Amino acid sequence: MEKKEGHDFWQDHSIRFLEMAMRTDRMETLTHADGHGKKTGACGDTVEFFLLTDADGIIRRVSFQVQGCLNTVACANAVCELVEGKSVDEAWELTPEQVIEYLESLPKHEHHCAELAVGALYLSIADVQRKRREPWKKIYGSRGASH
């Protein structure tokens, strides 16, 4: 990483931010996800979430793909941490401000990364709800679709 005058990436961030920025175990595509949402921000970064839910509407697993910076990766991982194990209805209540607070040291000029990640989450939750209303779409959508 390039060091800017007066800044040290490792010293300027909280341990939680660094863990979320470097964590890669959730970076995968789930081919039979109950919900999928993809959003590209004005900065050009893209976040894509995949949700697995149980019959009671509890989010059991969240995975993602990111094309973007470490700040976006940190925000996507934070979203996973904050919604896994919660109901779909509870996940709707997640805000970018909660992601920012959770990360502890997301730079102000990178707050749009939290907005992007939460926006992609909302799209994946909406997809879960749409598939619950019209279950045939999950079956139809999983055949031949490349994610």
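Figured I'd write up the structure that's included with this text. What you see is a predicted model; the values in this text were computed from it and never measured.

Procedures and definitions
- Residues numbered from 1 in each chain as written.
- Predicted model: local features only at pLDDT ≥ 70, side-chain atom pairs only at ≥ 80, totals over all residues.
- Heavy atoms only, no water.
- Buried < 20%, exposed > 50% of the residue type's maximum accessible area, 1.4 Å probe, protein only.
- Helix = DSSP H or I, 4+ residues; strand = E, 2+ residues; numbered from the N terminus.
- Arc of directions from axis to C-beta.
- Contact = heavy atoms within 4.5 Å.
- Phe/Tyr/Trp six-rings, centres within 6.5 Å; stacked < 30°, edge-to-face > 60°.
- Lys NZ or Arg CZ within 6 Å of the ring centre and 35° of its normal.

Glancing now at helix α5 (residues 96-103). Those residues of α5 not exposed but buried are Pro96, Val99, Ile100, Tyr102 and Leu103. End-on view of α5: buried residues confined to an arc of 160 degrees, all on one side of the axis. Set apart from the buried face of α5 by more than 90 degrees, the exposed residues are Glu97 and Glu101. Structurally, α5 contributes buried residues whose contacts are with α2 (15-22), α3 (70-83) and α6 (111-133).

As for its placement among the helices and strands, phenylalanine 49 is situated in strand β2 (residues 46-53). Its relative accessible area of 0% is what places phenylalanine 49 among the buried residues.

It is worth spelling out the packing of aromatic side chains at this point. For the structure on display, the rule yields 2 aromatic pairs. Seen in terms of ring centroids, tryptophan 92 and tyrosine 122 are 5.5 Å apart; in terms of plane orientation they differ by 35 degrees. Their pairing is tilted. Within this pair, whereas tryptophan 92 is found in the loop between α4 (88-91) and α5, its partner tyrosine 122 is found in helix α6, the two being separated by 30 residues in sequence. A relative accessible area of 31% places tryptophan 92 in the partly exposed class. Look at tyrosine 122 and you get partly exposed, because its relative accessible area is 26%. Residue placement shows arginine 16 over the ring face of tyrosine 102; its charged tip is 4.1 Å from the ring centre.

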